[in-house]
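Close look at the chain arrangement
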Amino acid sequence: LLALYHMLTGNVAAAFQLLERAIPENPYDKMLHFQLGAWSYGTGRYERAIVELEKAIEIDPQFKLAYNNLAYAYAHLGRYQEATAALKRYRELAPDEPNPLDSMGEIYLMMGKNKEALRLFRKALEVNPRFYLSARHAAVALFEMGKYEEALTELARYKSMAATDEARADAHAFSATVAALLGRREQALSHLDSAQALDRLSIAAPFLARTMRLDSAALGAYQREWFAAVQKHFAAVMSNPNLFLSSLVMALRFEVYARELSELVAKHARVAGVEGLPITLAGIQPALIYLGQIQHLIRGSEQIDPAVLAYAPDLGALYWLAYEKALMKSPASDEELLEWTLGYADFAAQSGNRGYEVAARLCAALVHRRRGEPDKAAAILQALAFPSEAQWLVLGPFQSADGFNRRFINERATTFPAEVRHNGKTLRWRQAEDDLPDGFVDLWAMSGNPWLGVAYARTEVVVPSARQATFCFGYRAGLKVWLNGKQVWMHNGSERSSIDGWVVPVQLQAGRNVILVKATQRIGEWGFYFRITDEAGEAFADAQYVTR
């Protein structure tokens, strides 16, 4: 119970430590293993999740929810056969429940098998017509297939069954997207208004208004209403980590009330008094950096145990993109910013949290660029095993429903044509450079913020000898990856783009190795991180990236 309290209040490290102390005292308590497995999954530790959930199942082979969570952990590692096997067992134990069917449908969505997924969602609704999540998932499958009218019908069903205002707002926001794709502007705006009325603190309406390219007056109205609600209910925003971080990203990433929100955070935050709340700390940082309050951050960080970061969940690319925008806009001196970013990286290294350490070092590379030291920035990227963004060539955007499954080029090739015709246009490979050279290939910014985008990116790594390696990547998209013409990864979804969210073992051949990435998008932010390391996560000193 104490661990649960700490998890709910954001002290993730204390929650994990308590469970890890409790399990040796009662190793046959299935719920301890299940909870540790579920929290490991929630913080991106999928291998650890599998170990704990399998222990729970070993203790109780009829533990239904453990099979469900185990399936998702397998799926996030690309182990789809094991995921479906776990769900088949779950379904055997619960033949009259909709959830195993719904979960199986979600796994099929991850594999890009939309028709099979839709069949399972509809079967789940036959089992329980009030299981509203299946209605939403069915709408996603239909959306992926380009069946927008049917998707709207399913979303109306989802809205009618939804149990909360937040879920009804979600139904309206999704409906606004579909209506906009159908060219029904007034219908889209009506749904957008309803979404904002039901959940004024959500960033969904102002973000969608931005992607729909509304005129400045209309966009400003959505943004003003959102920020007025944030100001009025700021205590509630600060107490909800997901809401707080999404608000911060919206403000800093797009310069929407950025200074006003940062001043609210600075006024209400008490860094020195925080008792190990890594999510709150993470949110405070970019706001204070934006305002130039670096010394306040450094003084506060000296009073915090690095253990608070040990189990902290990765916050994803959108958070770090907002963080980087704050760095670049900060009135603090370059020297102060460099002191902070390198100090934060060392702090994260003490905790053993590799994701935070890598992100902080990427931020330090940006500060070097800001102060006119591109060679030092490049050296950091090289030490972290990132190709520079200029070493990726990008082809796109192609625009298509079901772009994850459609082939626009020969995806198993190792040489590629210089240009491709698509929808009457000629697309050519171009360097993947954007306004933040931070290791994140920002396809959304490069492609003019499209919807239903598909892009290919390629690079080559040359090594003098064959060796075992790992591809470490995170993405805000569906992603497929090929190495020398062989597919080594596939996952269709919209993830948080954690820097090393997925680690895939591969075999590099001596000489030239061709890497092809296919990234797909539904709506909004879109891009990926990608680095190649040895098995210990370190850069190869003798690897060279080339583009041809």
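Preceding this paragraph is the structure being described.
Not measured: the values here are computed from a predicted model.

Here the focus is the overall build of the protein chain. What the protein chain contains, in helices and strands, is 24 helices and 13 strands. Its C-alpha atoms give the protein chain a radius of gyration of 23 Å, near enough to 24 Å, the size a compact globule of 548 residues would have. On the principal axes, the C-alpha backbone points of the protein chain span a range of 60 × 60 × 60 Å. Here the protein chain holds 548 residues, and 58% of them are scored as buried. Contacts in the protein chain between residues at least 24 apart in sequence constitute 71% of all its contacts with a sequence separation of at least 6. When the accessible surface of the protein chain is totalled, it reaches about 22500 Å², and 50% of it is carbon and sulfur. Charge centroids of the protein chain, computed over 59 positive and 61 negative side chains, lie 6 Å from each other.

Turning our eyes to something else, we now look at the layout of surface pockets. Rolling a probe over the atoms, with the probe sized like a water molecule, indicates the empty space that remains. Its volume calculated, the second largest pocket comes out at about 290 Å³. Lining the second largest pocket are 17 residues; nearest its centre among them are Gln382, Phe386, Gln391, Ala543 and Tyr545. Breaking the lining of the second largest pocket down by element, the ones donating at least two residues are α23 (374-383) and β13 (544-546). With 3 residues, the top contributor of residues to the lining of the second largest pocket is α23. Classifying every residue of the lining of the second largest pocket by side-chain character gives 13 nonpolar, 4 polar and no charged.

On to unusual backbone geometry. For the bond running from Gly396 to Pro397, omega is 5°, close enough to zero to count as cis. Mapped onto the elements of the fold, Pro397 is located in strand β1 (residues 393-399). Located in the positive-phi region is Arg213, a residue other than glycine, with phi close to 55°. Of note, Arg213 is situated in the loop between α13 (204-211) and α14 (216-232). Using a relative accessible area of 53% as the deciding quantity, one classes Arg213 as exposed. In this structure, Asp402 takes a positive phi of about 55° despite not being glycine. Assignment of secondary structure puts Asp402 in the loop between β1 and β2 (419-422).

Reading the values: the criteria
Residues numbered from 1 in each chain as written. Predicted model: local features only at pLDDT ≥ 70, side-chain atom pairs only at ≥ 80, totals over all residues. Heavy atoms only, no water. Helix = DSSP H or I, 4+ residues; strand = E, 2+ residues; numbered from the N terminus. Rg over C-alpha atoms; globule rule 2.2 N^0.38 Å. Buried < 20%, exposed > 50% of the residue type's maximum accessible area, 1.4 Å probe, protein only. Contact = heavy atoms within 4.5 Å. Areas by Shrake-Rupley, 256 points an atom, 1.4 Å probe, with all protein chains shown as cover. Lys, Arg positive; Asp, Glu negative; His and termini not counted. Charge placed at Lys NZ, Arg CZ, Asp CG, Glu CD. 1 Å grid on protein atoms, 1.4 Å probe; cavity = no way out; pocket = protein on both sides within 12 Å on 5 of 7 lines; lining within 4 Å. Points joined across faces, edges and corners; volume = space filled by probe spheres on them. Nonpolar A, V, L, I, M, F, W, Y, C, P; charged D, E, K, R; others polar.

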